[in-house]
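Survey of secondary and tertiary structure
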Amino acid sequence: MTTPHAAGRPAGPRPMTAPRDSSTVLRIVLGAQLRRLREQRGITLEDAGYTIRASHSKVSRMELGRVGFRLRDVADLLTLYGVTDEAEREPLLSLVEKANLAGWWHNYGDVLPAWFETYVGLEEAATGIRNYEVQFVPGLLQSEGYARAVVQLGFSSASPAEVDRRVRLRLARQRLLRRPDPPHLWAVLDEAVLRRPLGGAEAMCEQIDHILRAIELPNVTVQVVPFSVGGHAAAGGPFSILRFSQPDLPDVVYMEQLTSAVYLEKRDDVDRYLEVMERLCIEAEPVTRTREILLGIREDYRRSL
C-alpha cells in the first residue's frame, strides 16, 4: 500500500511496471490508477470530464482501459487529482505512449473484432490461462487443419484469403506458449470436443497429435471430462479465466458469444467461476490419464480412415 505523503492528500500513484508489453493491459492499469486517484479526491466523473473537455462517459472508458490516452488529458487529470510532484507524475505519463502502442495483433484488424481484440491483448499479458471448452479445441491448442475447419464453419461466406488470415491469426496467438516467459495454460475439455470430427477423421488425428505435442510443454496442462461424468459443474457453457502478475489487474473471466463477448472482473463473479473450474478439474480425468485418453480417441479416428 502507498502511504499518503501528507495529511489530507491522496496517496500517490503505485509503482508501475510494464507486464509483458501488452498495450491492452497497460491501458487497464493506467486507467485503474487514474480511477483510484480520482476516487481518493472525491472528484466526480463529470468534473474530471470537464477538466479534459470530454464527457463523463469518456473518462469512464479511460478508467476501464477501453480507449487510448492523450498525454495532455492524463497530465491535466493528474493535476486535478493533486499529483503535482514530477517524481509521481512521470511513471504514469511515461506509460501513455506505451499504452497507445499497437500490439502485433493490430496487423489483423481486418479480421479481428474489437470485442476479441481486448481478449487477445489480455491473453498476451496473462501469466495463467484456464479454459473450459464443450465444443471446440481452445484456440491456443488448435492445429492448422482444425483451425481452418473451425473458421470455415463460423464464416461460411468468407473468401479463401479471409479464411487464411483468420487461421494465421489463430496460429500467431499460439507463439506465446513457447516464448521464454510463457503463461501456464490449463485446459479442461469435454470429451465431446475430441469426439466431434471437425474437418474429418484425418484432421482430428492431426489435431490430437498437436495436443499431444503441446502437453509435453511444462506450461501446458490438459484434462478431459469424459461422457461418463454426465452432468457437471459448468453446465452453463465454455469460459476462460485469465490471471496476471500485475497487482492492479484482477483476474478476468471471458465468455465468448456469437457476435460479442462478456468480460467479468467483479470479485464475486470471478470467485464463482474459479470455484466451478476447480470442481471441473476434480470431475475430469486426472492429468496422468490425458495422454492415454488422447491416444485412444486418435486410434478410434484412425480405424475410421
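Residues numbered from 1 in each chain as written. Predicted model: local features only at pLDDT ≥ 70, side-chain atom pairs only at ≥ 80, totals over all residues. Heavy atoms only, no water.

In most cases, non-glycine residues show a negative phi, while peptide bonds are predominantly trans. Located in the positive-phi region is Arg53, a residue other than glycine, with phi close to 60 degrees. Mapped onto the elements, Arg53 comes out in the loop between helix 2 (45-51) and helix 3 (56-63). (Helix = DSSP H or I, 4+ residues; strand = E, 2+ residues; numbered from the N terminus.)

Volume-wise, the largest pocket comes out at about 1,100 Å³. As for the largest pocket, its lining consists of 34 residues, of which Phe136, Val150, Arg170, Glu256 and Gln257 are closest to the centre. Residue assignment for the lining of the largest pocket shows that the elements contributing at least two residues are helix 6 (114-125), strand 1 (128-133), helix 7 (144-154), helix 8 (160-173), strand 4 (239-243) and strand 5 (252-256). Split by residue class, the lining of the largest pocket holds 21 nonpolar, 7 polar and 6 charged. (1 Å grid on protein atoms, 1.4 Å probe; cavity = no way out; pocket = protein on both sides within 12 Å on 5 of 7 lines; lining within 4 Å. Points joined across faces, edges and corners; volume = space filled by probe spheres on them. Nonpolar A, V, L, I, M, F, W, Y, C, P; charged D, E, K, R; others polar.)

Within the secondary structure, Cys205 sits in helix 10 (residues 201-214). With relative accessibility at 7%, the residue Cys205 sits in the buried group. Cys205 sits 92 residues away from Ile297 along the chain, and the two C-alpha atoms are 8.6 Å apart. The contacts of Cys205, once residues within four sequence positions are left out, are Arg298, Tyr301 and Arg302. (Buried < 20%, exposed > 50% of the residue type's maximum accessible area, 1.4 Å probe, protein only. Contact = heavy atoms within 4.5 Å.)

Turning to the packing of aromatic side chains, a few remarks are in order. Centre distance and the angle of the planes are the two values used to describe a pair of aromatic rings. Applying the stated criterion across every chain, the model contains 9 aromatic pairs. Relative to Trp105, the ring of Trp104 lies with its centre 5.7 Å away and its plane at 85 degrees, an arrangement referred to as edge-to-face. Seen from their ring centres, Trp115 and Phe116 are 6.1 Å apart, and the 65 degrees between their planes marks the pair as edge-to-face. We classify Trp115 as partly exposed; its relative accessible area is 23%. Among the aromatic side chains, those forming a connected cluster through ring pairs are Trp115, Phe116, Tyr119, Tyr254 and Tyr263. Between the NZ or CZ atom of Arg166 and the centre of the ring of Phe155, over which it lies, the distance is 3.8 Å. Taking NZ or CZ as reference, Arg175 lies 5.4 Å from the ring centre of Trp104, over its face. (Phe/Tyr/Trp six-rings, centres within 6.5 Å; stacked < 30°, edge-to-face > 60°. Lys NZ or Arg CZ within 6 Å of the ring centre and 35° of its normal.)

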